[in-house]
Amino acid sequence: MRAVYPGSFHPFTPGHVNVVSRARALFDEVVVLVAVNSIKHPGSDEEERAAAVRAVLPVEWTSVTVAAWSGLTATYCRLREVGVIVRGVRNTTDLRAEYQLAAMNQSLGVPTVFLPAQPELAAVSSTAVRTLGAWRVE
């Protein structure tokens, strides 16, 4: 089964890498979908962010691809025959917001799987990474 992991990824954090790593173990293929979010205002467009994500992911993760997208995630899934959306959740606030999105996507025919953050990564957010500076995958 193919899965999509959507987000604005501004920037792509260690928590995001962890979600992709765990999703790889569950699904045949994972598409990291770098999306436009009208609420967020990243300093770069989705193509630039997609290139940044590609640069961070290990090259041996051949079952992972990165794509930029500006429409609904459910539409991407239907057009590309993706069976499930993967979302990482760090806390109950994330879960509440993600649950609403999951319900909408379910009504559009695409279920969502939640992956809870690893405890050591639960406090890492894109905002914190932007504030504190760059990081790298080791």
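Criteria and cut-off values
Residues numbered from 1 in each chain as written. Predicted model: local features only at pLDDT ≥ 70, side-chain atom pairs only at ≥ 80, totals over all residues. Heavy atoms only, no water. Pairing = 2+ DSSP bridges. Helix = DSSP H or I, 4+ residues; strand = E, 2+ residues; numbered from the N terminus. Axes fitted to C-alpha atoms, helices over the stretch in contact; angles between N-to-C directions. Contact = heavy atoms within 4.5 Å. Core = buried A, V, L, I, M, F, W, Y, C linked by side-chain atoms within 4.5 Å. Buried < 20%, exposed > 50% of the residue type's maximum accessible area, 1.4 Å probe, protein only. pLDDT = per-residue confidence, 0-100. Salt bridge = Lys/Arg side-chain N within 4 Å of Asp/Glu carboxyl O. Arc of directions from axis to C-beta. Phe/Tyr/Trp six-rings, centres within 6.5 Å; stacked < 30°, edge-to-face > 60°.

Topic: the sheet that holds strand β4 (residues 84-89)
Here comes step 1: Taken in spatial order, the five strands of this open sheet run β3-β2-β1-β4-β5, and their pairing is parallel. Whereas interior strands pair on both sides, the edge strands pair on one side only; in this sheet they are β3 (64-69) and β5 (112-116). The sheet shows a mean angle of 30° between the axes of neighbouring strands, direction not considered.
Here comes step 2: Pairing between strand β1 (residues 2-7) and strand β2 (residues 29-35): six bridges, direction parallel. Note on β2: the bridge partner recorded for Gly 7 is Val 34.
Here comes step 3: Lying over the sheet, helix α3 (residues 73-80) contacts β1, β2, β3 and β4, oriented at roughly 125° with respect to β3.

Regarding the nonpolar core
Here comes step 1: Core analysis: the largest hydrophobic core is formed by 21 residues, its most contacted members being Phe 12, Val 20, Val 32, Val 53, Leu 57 and Val 86.
Here comes step 2: With four residues, helix α1 (residues 14-26) is the largest single contributor of residues to this core.
Here comes step 3: Filtering out sequence-adjacent residues up to four positions away, Leu 57 remains in contact with Phe 12, Val 20, Val 32, Val 64 and Val 66.
Here comes step 4: Residues Val 4, Tyr 76, Val 82 and Ile 85 belong to the second largest nonpolar core, which totals 11 residues.

Quick notes on the confidence of the model for the protein
Here comes step 1: Residue-level pLDDT values for the protein average 85, and 80% of them are 70 or greater.
Here comes step 2: Overall, residues 134-138 carries pLDDT values under 50, and its contacts beyond four positions in sequence, including any with other chains, amount to nine contacts.

With respect to the pattern of salt bridges
Pairing is possible between side chains that carry opposite charge, provided their charged atoms lie close to one another.
Here comes step 1: Scanning the entire structure with this criterion turns up three salt bridges.
Here comes step 2: Linking Glu 98 and Arg 87 is a salt bridge whose minimum nitrogen-to-oxygen distance equals 2.6 Å. One end of the pair, Glu 98, is in helix α4 (residues 92-107); the other, Arg 87, is in strand β4, and 11 residues separate them in sequence.
Here comes step 3: According to the relative accessible area criterion, Arg 87 is buried, its value standing at 18%.

Focus: α3
Here comes step 1: Of the residues making up α3, those classed as buried are Thr 73, Ala 74, Tyr 76 and Cys 77. Around the axis of α3, the buried residues are gathered within 160° of arc, so they sit on the same side.
Here comes step 2: Against β1, β2, β3, β4 and α4 lie the buried residues of α3.
Here comes step 3: Trailing α3 by a residue or two, Glu 81 shows a phi angle of about 55°, which is positive.

Quick look at the packing of aromatic side chains
Here comes step 1: Counting across every chain of the model gives three aromatic pairs.
Here comes step 2: Aromatic pair Phe 9 and Phe 12: ring centres 5.1 Å apart, planes at 75°, arrangement edge-to-face.
Here comes step 3: Ring geometry for Trp 69 and Tyr 76: centres 5.2 Å apart, planes at 75°, overall edge-to-face.
Here comes step 4: Overall, Trp 69 belongs to the buried group, its relative accessible area being 16%.
Here comes step 5: Owing to a relative accessible area of 5%, Tyr 76 belongs among the buried residues under this scheme.
Here comes step 6: Here the aromatic residues Tyr 5, Phe 9 and Phe 12 are joined through ring pairs into a cluster of three or more.

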